[in-house]
Amino acid sequence: MEKKKILVIGSLNIDMVINVDHTPVTGETILSDHMAMVPGGKGANQACAAGCLGADVVMLGAVGEDAYADMQRESLGKAGVDVSYLVRKQDVSTGLAVVTVNRDGDNSIVVISGANMALTPADIDANESLIRECELVILQLEIPLDTVCYAAKRAKELGKKVVLDPAPVPNDFPEELYQYVDIIKPNETELARLTGMGSGDADIAPAASLLRGRGVKNVLVTLGEKGVYLDSEECGRCMIPAHKVRAVDTTAAGDSFTAALAMMLMQGKDIREAAEFANCVSAIVVTREGAQSSIPTLEEVIKYREGLAS
Ligand code: RIB
């Protein structure tokens, strides 16, 4: 059976991962004894996860003319992602991210955007055939907002499903974007920023409902160790509990969730079933270090699920 293609339009970074005891507060200097450079970037992590899980996936994004671009090509290529449409930009370096991971596995991230911010609506036009050939487009917000809006609009006009991971939430989130998005997947912090509401347990359902009111049919809020909240036209409202695992590094958990969700939707699953599967993928990701290096294969997820059932 022919697989339905997923197109990821977004960022590619090389992550400088620094392990720390605790996340430094303003004005604090702390020491670390471990640093690693690994392929990351929300877009690239999503493409990598979709590839590892066996999806037919192509990535459109921008890189520099440097060795970091080659690292990304190699990592994504190994995962089965079609990287032939990565756009090489001159005079700018591939995106970089400084990721601190604390002893609880929680991270904080600063991205130096580099080439990611050079991906323009003209690049979307030049690669419109990719949108035509796919069924679903995944976007995040580490590339220019006008490019995201343009890509989402074109995808919608061409009848494609659009999934938005609204990370990071900018100060000037473009309200017009909502009308092009079928599924939005913020975490609790992003949900609070998007809606102006709080991020306490009692705020999640009303804030998700507020996003529904802005025209998005499906809202999925990833809540870390609490699980995932779903508010959807198709499956109603429910809470999908998290799996109890020992988290060592939460980097790419949300990205893998988005990709796994998309992969299952392309197999005809409903959004609740897809989210339950994606929840398993994220549970595995947080038990491993790094971004793309932490993503499981489909076989590993199947084994994990069998373990849950027994
Ligand atoms: O979501 C995790 C990713 O965010 C990291 O890999 C980093 O590159 C940033 O884009």
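Residues numbered from 1 in each chain as written. Predicted model: local features only at pLDDT ≥ 70, side-chain atom pairs only at ≥ 80, totals over all residues. Heavy atoms only, no water.

**Overview of helix α7 (residues 201–213)**
Thinking step 1. Among all positions of α7, only Ile-204, Ala-207, Ala-208 and Leu-211 are buried. Relative to the axis of α7, the buried residues are bounded by an arc of 105° and lie together on one face. Looking at α7, the residues exposed on the side facing more than 90 degrees away from the buried face are Ala-202 and Gly-213.
Thinking step 2. Where α7 is buried, its residues contact β11 (183–184), α6 (188–195), β12 (218–222) and β13 (228–232). (Buried < 20%, exposed > 50% of the residue type's maximum accessible area, 1.4 Å probe, protein only. Helix = DSSP H or I, 4+ residues; strand = E, 2+ residues; numbered from the N terminus. Arc of directions from axis to C-beta. Contact = heavy atoms within 4.5 Å.)

**Topic: the pattern of salt bridges**
Side chains carrying opposite charge are able to pair once their charged atoms draw close together.
Thinking step 1. Inspection of every chain in the model, using the stated rule, returns 18 salt bridges.
Thinking step 2. With a shortest N-O distance of 2.7 Å, Glu-128 and Arg-132 are connected by a salt bridge. Placement of both Glu-128 and Arg-132 in helix α4 (residues 128–133) is noted, with a separation of four residues, approximately one turn of the helix.
Thinking step 3. On the basis of relative accessible area, Glu-128 is assigned to the buried category, the value being 15%.
Thinking step 4. Between Lys-153 and Glu-157 there is a salt bridge whose closest N-O contact spans 3.2 Å. Within this pair, Lys-153 and its partner Glu-157 are both found in helix α5 (residues 145–157), separated by four residues, close to a single helical turn.
Thinking step 5. It is possible to trace a salt-bridge network through shared partners that takes in Glu-128, Arg-132, Lys-153, Arg-154 and Glu-157. (Salt bridge = Lys/Arg side-chain N within 4 Å of Asp/Glu carboxyl O.)

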